[in-house]
Amino acid sequence: MAEETWKLLVADKKRRQGQAIPEDWRVPSLPAEVLDVRGVPETSGILSSREVEITNTRDVDILLGKLAAGKWTAVEVTTAFYKRAIIAHQLVNCLTEIFVERALARATELDEHLKRTGDVVGPLHGLPVSLKDQICIKGLEATMGYASWIGKFSEKDAVITQILYDCGAVPFVMTNVPQTLLWSETYNYVYGRTCNPANRSLTSGGSSGGEGALIGMKGSPLGIGSDLGGSVRYPSAYNGLYGLRPSYGRLPYSGCVNSLEGQDSSPSSLGPISGSLSGIQTFMRAIISKKPWLRDPLCLRKKWDEDAYRLSDHGNGGKFCFAIMWDDGDVVPSPPVRRALEMTKKVLEAAGHTVIDWQPLKHQELYEHLVSIWMAGALSDITATTAASGEPRLTSMSPGESALVDTGVHYTPGVSAYELWQVQKKRIVLREEYLAYWQASEARTGTGRPVDAIITPVAPTPAPPHGMTKISTYTMVWSVLDYTCCAFPVTSVDPALDGKRPPHAFLSENDKENYELYDPETFKNAPVGLQLVGRTLEEEAVIAMTEIVDAALMQRSVSDV
């Protein structure tokens, strides 16, 4: 009976989702052998030339400028991105909630306001924004990949949704996540698996994988994900995008659904994902300008700091000292990730900056402490949720039961409060040690200050085949330290440049498995991204320094580096 309950719920939800897709926006299914589907929207015949122009406009500030000037209306921009989002969904399965009429009604209101007053509603006027399927919109379902939550319609907007409306934005779709959110890939029993647009045999990342795939398909100019241990950074790096993981509390989380609610030692953070860095910066400025701490008691009372954005604590924007972490002491990155690091180092040095090596400090221990904090109650949390419908708890992201992959994270029975306190106490010590370690780097920088930022892989490979994401230490260590991070794109896998290298002296069993996993043809076309790591609550500076790195990469072609 329990199995029938959750399967009936899923069947009904899928039926309702399918009915929400306009018939004239449907595309023929493509053979599974067609891997790179990023060009399909423009050849589908569904988008007009003007809609192609709109959706190909990656720079969010340009979009907002044309909307504010009335050159593009909110209705036509929303329609263009909605069409492309629906096409993307049919190719990579990235959406959950589809509400076309509601979004267009909102866009119409914005156009009427601009026509009547000559003023925009707010700094995001007319901009379509996609939301991860945990950010509540009144009257819609946020299932978070659980069959048990089908039919639970949100009674009110999350605080971040309220602020989006105040800023003039148009929330227009919700995007797919893995069951529980606690995965670096995206699959659940309700909506299924989300694929990577550049290569559908690879993952789009997780847990904000629907956002990554959608924005990678140019089906949204800006989306909101969340990041507990890398869930904004994985989808950003795996799909050639920018994504910010702010420190805890910089953005309002109130009103969202979540896993591990009540665990506040190392909570997740909401963060933007976009095809442009302007989208990241503009979003952060807009949300913070609305004083979210007056609506969410856990949101920090911290205004946008223009001096910090001008890098007042980092030499006022002069020459920087960046550190590159080539590996984390446990797993050596695969050739395309190594090449991305080398490219970044070369362009930064060519721009006059100093680049030094960064040796990891107790990264495996930091990782294990974060896992211990999560696992203190994760199994009880998930079991309580799935019990409502009898839905099974996912134990792997692998496509087939015969190919189950050990992800390296094992759910364990809960621990006592005292035992958890000891883990949290040790975490404080580790954070103190890392702070002192970073400060001590002043002796090596030549700038009279510590390293300005660390540049590291997001993962030791680009987006891996489905079910094969095992290693998350490259993101989780910065989460447990609560360091602000921004993912940015660098290149893509080219088998001619990224051939498999001879075996090295493996650092661990994980390192050996990561080496064996990599094959240049398997990863062909996969985007390759890195992350820039700053310190706690350095959102403004991290965005500004990522802009500097990005500009250096943009100024030099791949052939130059």
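Right, let's walk through the structure included here. (Residues numbered from 1 in each chain as written. Predicted model: local features only at pLDDT ≥ 70, side-chain atom pairs only at ≥ 80, totals over all residues. Heavy atoms only, no water.)

Now for the nonpolar core. Ranked by size, the top nonpolar core spans 117 residues in total, and within it Tyr 82 and Ile 455 carry the most contacts. Top contributing element to this core by residue count: helix α5 (residues 74–92), with eleven residues. Apart from residues lying up to four places away in sequence, Tyr 82 is in contact with Trp 25, Ile 98, Phe 99, Val 100, Ala 103, Phe 172 and Val 173. (Core = buried A, V, L, I, M, F, W, Y, C linked by side-chain atoms within 4.5 Å. Buried < 20%, exposed > 50% of the residue type's maximum accessible area, 1.4 Å probe, protein only. Helix = DSSP H or I, 4+ residues; strand = E, 2+ residues; numbered from the N terminus. Contact = heavy atoms within 4.5 Å.)

Here the focus is the packing of aromatic side chains. Following the criterion strictly, the structure yields 18 aromatic pairs and no others. Measuring from ring centre to ring centre gives 5.1 Å for Trp 6 and Tyr 189, while their planes differ by 50 degrees; the resulting arrangement is tilted. A residue pair is termed long-range when its members are at least 10 positions apart, and Trp 6 in helix α1 (residues 2–19) and Tyr 189 in the loop between β4 (187–188) and β5 (192–193) qualify at 183 residues. Here Trp 6 falls in the buried class, since its relative accessible area comes to 10%. Cluster of aromatic residues (ring-pair linked, three or more members): Trp 358, Tyr 434, Tyr 437, Trp 438, Trp 478 and Tyr 483. Arg 285 extends its terminal NZ or CZ atom over the ring of Tyr 309, reaching a point 5.1 Å from the ring centre. (Phe/Tyr/Trp six-rings, centres within 6.5 Å; stacked < 30°, edge-to-face > 60°. Lys NZ or Arg CZ within 6 Å of the ring centre and 35° of its normal.)

Before going further, it helps to spend a moment on the pairing of strand β11 (residues 321–324). Burial of β11 is two-sided: the residues Cys 321 and Ala 323 facing one way and the residues Phe 322 and Ile 324 facing the other way are all buried. Judged from the four bridges that link them, β11 and strand β12 (residues 354–357) form a sheet pairing that is parallel. The residue bridging Cys 321 from the neighbouring strand is Thr 354, located in β12. The β-α-β motif built from β11, the intervening helix α12 (residues 335–350) and the parallel element β12 has right-handed crossover chirality. Of the strand pairs in this sheet, β11 and strand β13 (residues 453–457) are connected by three bridges, and their pairing is parallel. For Phe 322, the partnering residue across the bridge sits in β13 and is Ala 453. (Pairing = 2+ DSSP bridges. Right-handed = clockwise from strand over helix to strand, strands pointing away.)

Another point: the packing of helix α4 (residues 60–68) against helix α10 (residues 277–289). Their axes nearest at 7 Å, the elements α4 and α10 cross at an angle of 65 degrees. On the side of α4, the interface is formed by Val 60, Asp 61 and Leu 64, while α10 contributes Ser 278, Gly 279 and Thr 282. Considered class by class, the residues forming the contact of α4 with α10 number two nonpolar, three polar and one charged. (Axes fitted to C-alpha atoms, helices over the stretch in contact; angles between N-to-C directions. Nonpolar A, V, L, I, M, F, W, Y, C, P; charged D, E, K, R; others polar.)

Another aspect to go through is the side chain of Arg 245. Along the chain, Arg 245 falls in strand β9 (residues 242–245). There is a polar contact of 3.0 Å between the side chain of Arg 245 and the backbone oxygen of Tyr 483. With near-sequence residues (within four places) excluded, Arg 245 lies in contact with Asp 227, Arg 233, Ser 269, Trp 478, Ser 479, Asp 482, Tyr 483, Thr 484 and Cys 485. (Polar contact = N/O pair within 3.5 Å; in protein donor to acceptor, adjacent residues only side chain to side chain.)

Turning our attention to the environment of Ala 107. Here Ala 107 shows up in helix α6 (residues 100–117). Residues Ala 107 and Val 77, 30 residues apart in the sequence, show an inter-C-alpha distance of 8.7 Å. Leave out the neighbours within four places in its chain, and Ala 107 touches Ala 74, Val 75, Thr 78 and Val 170.

Before going further, it helps to examine the packing of helix α13 (residues 363–375) against helix α17 (residues 473–481). At a minimum axis distance of 8 Å, the contact between α13 and α17 shows a crossing angle of 70 degrees. Judged by the angle between their axes, α13 and α17 are roughly perpendicular. Along its contact with α13, which presents His 363, Gln 364, Leu 366, Tyr 367, Leu 370, Val 371 and Trp 374, the element α17 presents Thr 473, Met 476, Val 477, Trp 478, Ser 479, Val 480 and Leu 481. Residue composition of the contact of α13 with α17, by class: ten nonpolar, four polar and no charged. (Parallel < 35°, antiparallel > 145°, perpendicular 65-115°, else oblique.)

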